Amino acid sequence: MIIELFGPPGSGKRTFAHALARRLREEGYHAKVAPSHRPRERGSSVDLGIFLAIFRIVSAIFSTLKILLSPRGRIKDLSTSLSMIRVMPPKKRIWRARLWQHILKLSRRWDEAKQSREVVIFDQGYVQAIASLAMFNGSADRVALAKALSLAPAADFTLRVVAPRAIVETRLQQRMEHEAPAERIFEADFDTNMRTFGIFQSINDILVGADRKIIPIQTLNDRSSLEGIQCVERRIISKILQAGGRPAAKGSQGHKILEVDQSDADDCDVKAARTSAASLAAADVILSHQEDMGRTLGYASIFALLIYIGGAGLTSLAQLLIARLVGSTSYGIYSYVLAWTTLLGYLAMLGFNVSLLRFVSAYRAEGRLDLAHGVVRFALQRSLAAATLFGMIGAALIFFFSDPSHKELEISQLLGMAAVPLFTASALGAALVRAFGGGVSALLPERIVRDGLLVMLLGVAALSGSWTLDAPLVMQAVLASSGITVGLVFIMATRFQPPGLRHTQPSDASQEWWAAVPPIMLMAGLDVFIGRAGVMVLGWSGHIRDAGIFALGLNVALLVSLALVAVGVMFSPAAAALHTRGDRKGLQQLFSRAAILSSAGAIAMALPLVVIVKPLMSWFGEDFSTGAPIARVLMLGYVFVALCGPQLNLLTMTGNEWAAAAAMIVGAIAGIIGCAAGIELYGPLGAAVGLTLALAVWNLAMAIYIRKRLKIMPALIFALTSFRTGAGDSRHRYRFLR
């Protein structure tokens, strides 16, 4: 039996088809959805979809050749596709070739479905293909439509999916926002898609006039979709029973097989949905969404981790080059200045590098592009002004109060203050790209381009022999590479922004946006401070050389934390969207999955690093080899953080900024006390022990708060409990709802 759906793009045909097939399978009937192409989301594609587009072209060529070289049904398939193309040829050759190939494959799948005993559902069947031909022809009339429809074989049931124009517009815009840019080459633009409303009405009139029974289905919401599924399900089962068919097997849930009579099957206007059934449909949609989100999180985290590893390789190369070129003392100055520059840059963001992820993701989920535009403008104006002010005040303080005898340190600090606005702009631009859906792509400029340029500039300076190789030279290279990175980041943000955002009049919710500034700003500064507390305390106490050795050990240990950072790239916007919808169960599952990914990645990174850390650090010079024990101790701390999962991201994305800030204050105080006491007792190694204990205290405090306030269990405990009891099986929970 063949079921065919048709309706405007974005009307919900694919979702309806899969839900219908799932219902039929639960009643014991063999049912499946014929495969059709679904554009990949750009958030899960690190290359903007270019490789996927190439793969799509190659796959289409090979599948077409397979059909043409196959002796079975070749003439019939070719005849059907060529006849339809001749009736309404698309104006552009590329669309003519694509639709010809699509109808050719459709003809083969249709013949296979006719010979099968299964119920096969086509969400992209002949009627939909004819509508696409008319759409790209541009001048097709009812006569041409009727002729093309007469060439198409009729399905056993033809379903017209009906959705209001406003809802279709919203769904199409959301789909285009999430598509990989390269995928848009193969898809019609927004205006072309919206012109199909008139075409589908004409097709419906022609089919009704030819006495072809059309079943209208509404996909306005979950309830209307469920009613449509029940209506079609009754008709399908009625026809199967009339033909003498029976279910293949009793449903796995053990409930009674659905029995219907003809009067029930024909009465599709009866409101059959009950509260329990509506809950079932909602659960089904949520489970499907969670599975897709889980896969996206996994794939994107792997891509992000690869970029972070590549960036870490470039960073390590840059650090190696700097340490070898300028020596341990100048490297200590550079590390000390960079720590302060990074701290001021993050403070100047006013927390909008995190707030943008939360607010923009939430506003897009609500369809409020006006508020999204408003918060983007608000954040950029205030943060860049604060960064400029911080840089100017810092430069003035350095100029008037620094020791003139330490000229290298003074010049490096002034250059560091000049870099503060660039650090702020770069991080804000990357946050925008992530909020717009380009999670993985946002990492390329910061992690690859900036450090790659830094290596190139320092290499040129070393080879030329025209510059003095010291800390100020390194800071000049940092300034140049950061400036180029800022330009690239904002070009990417422009490319990824949602359609219509720029032309939407911005709305103001500044009171809400300002309310999030103090805690997130505090968290941003404390996050940087906790990670660099050892370097700063050593620098304050005059141990500049030890600060450089500690900084290098910290940089090696931070490789372990890359897995957690990579997972957070996609976790943050996804968590904000789930929290906006009130899906606590989905948030728990997403958090658990994120912790498993971060833990596995951190352990996989830590095991080989513990072994090779001493020879690795000795490459930087004999002075730095003494930092191997420091790196090993810090690795333990970052493994513990990864085991806890992205707790800080979870708190900030759920509106618990002050709680996260309070936990970080505890961690910062513990870090200062631990580092100061450790330095007095054991020197730089003691600072590493103190910092590791501070990380543990900080993350335990967050875990306790998350359990009490958000009612979300520690991620790994939930994962182990779910594995043991089977609660992690989505099908089990689904049957329980039945």
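Residues numbered from 1 in each chain as written. Predicted model: local features only at pLDDT ≥ 70, side-chain atom pairs only at ≥ 80, totals over all residues. Heavy atoms only, no water.

**Student:** Honestly, the overall build of the protein chain in this entry has me stumped. Any pointers?
**Tutor:** Per the secondary structure count, the protein chain includes 28 helices and 5 strands. Counting the 738 residues in the protein chain, one finds 54% classified as buried. For the protein chain, long-range pairs separated by at least 24 residues make up 82% of all intrachain contacts whose partners lie at least 6 apart in sequence. For the protein chain, the exposed area adds up to about 32400 Å²; of that, 62% sits on carbon and sulfur atoms. (Helix = DSSP H or I, 4+ residues; strand = E, 2+ residues; numbered from the N terminus. Buried < 20%, exposed > 50% of the residue type's maximum accessible area, 1.4 Å probe, protein only. Contact = heavy atoms within 4.5 Å. Areas by Shrake-Rupley, 256 points an atom, 1.4 Å probe, with all protein chains shown as cover.)

**Student:** When you look at a positive patch on the surface in this model, what are you seeing that I'm missing?
**Tutor:** Judged by side-chain charge, Arg-584, Lys-585, Arg-707 and Lys-711 come together as a positively charged surface patch. With respect to the helices, strands and loops of the structure, Lys-711 is situated in the loop between helix 26 (684-710) and helix 27 (715-725). Judged by relative accessible area, which is 48%, Lys-711 ranks as partly exposed. (Patch = residues over 30% accessible without salt bridge, like charges linked within 9 Å, V, L, I, M, F, W, Y side chains within 5 Å. Salt bridge = Lys/Arg side-chain N within 4 Å of Asp/Glu carboxyl O. Lys, Arg positive; Asp, Glu negative; His and termini not counted. Charge placed at Lys NZ, Arg CZ, Asp CG, Glu CD.)

**Student:** What's the story with the sheet that holds strand 5 (residues 214-218) in this structure? I'm lost.
**Tutor:** Picture the strands of a sheet paired through backbone hydrogen bonds; they go either parallel or antiparallel. Here 5 strands make up an open sheet; going across it, the order is 2-3-1-4-5 and the pairing parallel. Both edges of this open sheet fall to strand 2 (31-33) and strand 5, since each of them pairs with a single strand only. Neighbour to neighbour, the strand axes of the sheet diverge by 25° on average, direction disregarded. Relative to strand 3 (residues 119-122), strand 1 (residues 2-6) runs parallel, the two being bridged by 3 bridges. When the bridges of strand 3 are listed, Glu-4 appears paired with Phe-122. (Pairing = 2+ DSSP bridges. Axes fitted to C-alpha atoms, helices over the stretch in contact; angles between N-to-C directions.)

**Student:** Teacher, can you tell me more about helix 4 (residues 93-115) here?
**Tutor:** Structurally, the α-helix is built with 3.6 residues per turn, so residues lying three or four positions apart point the same way. Relative to the 33 Å expected for 23 residues at 1.5 Å per residue, helix 4 spans 34 Å between its end C-alpha atoms, a close match to the ideal helical length. Listed in full, the buried residues belonging to helix 4 are Trp-95, Leu-99, Gln-101, Ile-103, Leu-104, Leu-106, Ser-107, Arg-108, Trp-110, Asp-111 and Ala-113. (Expected span 1.5 Å × (residues − 1).)

**Student:** Explain a nonpolar patch on the surface here, please?
**Tutor:** A contiguous nonpolar surface patch, about 770 Å² in accessible area, is contributed by Leu-389, Ile-393, Leu-397, Phe-399, Phe-400, Phe-401 and Leu-414. By residue number, the principal contributor to the nonpolar patch is helix 14 (residues 369-401), which donates 6 residues. Residue placement: Phe-400 occurs in helix 14.

**Student:** Help me understand the pattern of salt bridges in this model?
**Tutor:** In a structure, side chains of opposite charge can pair up when their charged atoms sit close to one another. For the structure shown, the criterion picks out 6 salt bridges. Residues Arg-142 and Asp-205 are paired through a salt bridge, measuring 4.0 Å at the closest nitrogen-oxygen approach. Note that Arg-142 is positioned in helix 6 (residues 142-151) and Asp-205 in helix 9 (residues 196-209), a separation of 63 residues in sequence. Classification of Arg-142 by relative accessible area gives partly exposed; the value is 45%.

**Student:** Just checking my understanding: could you explain the confidence of the model for the protein chain for this structure?
**Tutor:** The predicted coordinates of low-pLDDT regions are not to be read in fine detail. Scored by pLDDT, the protein chain comes out at a mean of 75, with 72% of its residues at no less than 70. Ranking the elements of the protein chain by mean pLDDT puts helix 28 (residues 730-737) last, at 38, and strand 3 first, at 90. Across residues 41-48, confidence stays below pLDDT 50; counting only partners more than four residues off in sequence or on other chains, it has 33 contacts. Contacts of residues 269-299 to residues separated by more than four positions or lying in other chains number 50 contacts, the stretch itself having pLDDT below 50. (pLDDT = per-residue confidence, 0-100.)

**Student:** Help me understand the packing of helix 5 (residues 126-137) against helix 6, please; the structure alone is not making it clear to me.
**Tutor:** The geometry of helix 5 relative to helix 6 is characterised by a closest axis approach of 10 Å and an angle of 150° between their N-to-C directions. In terms of orientation, helix 5 lies roughly antiparallel with respect to helix 6. Classified by chirality, the crossing of helix 6 by helix 5 is right-handed. Across the interface between the two elements, Val-127, Ile-130 and Ala-134 from helix 5 touch Leu-145, Ala-148 and Leu-149 from helix 6. Per-class residue counts for the contact of helix 5 with helix 6 are 6 nonpolar, no polar and no charged. (Parallel < 35°, antiparallel > 145°, perpendicular 65-115°, else oblique. Left-handed = near helix turned anticlockwise from the far one by under 90°. Nonpolar A, V, L, I, M, F, W, Y, C, P; charged D, E, K, R; others polar.)

**Student:** Just checking my understanding: could you explain the environment of Lys-239 for this structure?
**Tutor:** By secondary structure assignment, the location of Lys-239 is in helix 10 (residues 222-242). Here Lys-239 falls in the partly exposed class, since its relative accessible area comes to 33%. A C-alpha to C-alpha distance of 9.4 Å links Lys-239 and Met-1, two positions 238 residues apart in sequence. Excluding residues within four positions of it along the chain, Lys-239 makes contact with Met-1, Asp-156 and Phe-157.

**Student:** Explanation requested: the nonpolar core in the structure shown.
**Tutor:** Core analysis: the largest hydrophobic core is formed by 114 residues, its most contacted members being Phe-352, Leu-356, Trp-513 and Leu-634. Looking at which element gives the most residues to this core, the answer is helix 22 (residues 584-618), with 11 residues. In this structure Trp-513 touches Phe-352, Phe-359, Tyr-363, Leu-371, Gly-374, Val-375, Phe-378, Ser-507 and Asp-508, once residues within four positions along its chain are discounted. With 35 residues, the next largest nonpolar core counts Leu-99, Leu-106, Ala-129 and Ile-214 among its residues. (Core = buried A, V, L, I, M, F, W, Y, C linked by side-chain atoms within 4.5 Å.)

**Student:** Which parts of the structure should I look at to understand the packing of aromatic side chains?
**Tutor:** Given two aromatic rings, one states the distance between the centres and the angle between the planes to describe the pair. Per the counting criterion, the structure on display carries 8 aromatic pairs. With a centroid separation of 4.9 Å and 65° between ring planes, the pair formed by Trp-110 and Tyr-126 is classed as edge-to-face. In this pair, Trp-110 is assigned in helix 4 and Tyr-126 in helix 5, connecting sequence segments 16 residues apart. What makes Trp-110 buried here is its relative accessible area of 1%. Overall, Tyr-126 belongs to the buried group, its relative accessible area being 1%. For the pair Phe-352 and Phe-378, a centre-to-centre distance of 5.8 Å together with 75° between the ring planes defines the contact as edge-to-face. (Phe/Tyr/Trp six-rings, centres within 6.5 Å; stacked < 30°, edge-to-face > 60°.)

**Student:** Please explain the side chain of Gln-647 as it appears in this structure.
**Tutor:** Residue position: Gln-647 is located in helix 24 (residues 647-653). You can call Gln-647 buried: its relative accessible area is 4%. Within the structure, the side chain of Gln-647 is placed 3.4 Å from the backbone nitrogen of Ala-703, a separation counted as a polar contact. If we skip the residues at most four places from it in the chain, Gln-647 touches Phe-591, Asn-699, Met-702, Ala-703 and Ile-706. (Polar contact = N/O pair within 3.5 Å; in protein donor to acceptor, adjacent residues only side chain to side chain.)

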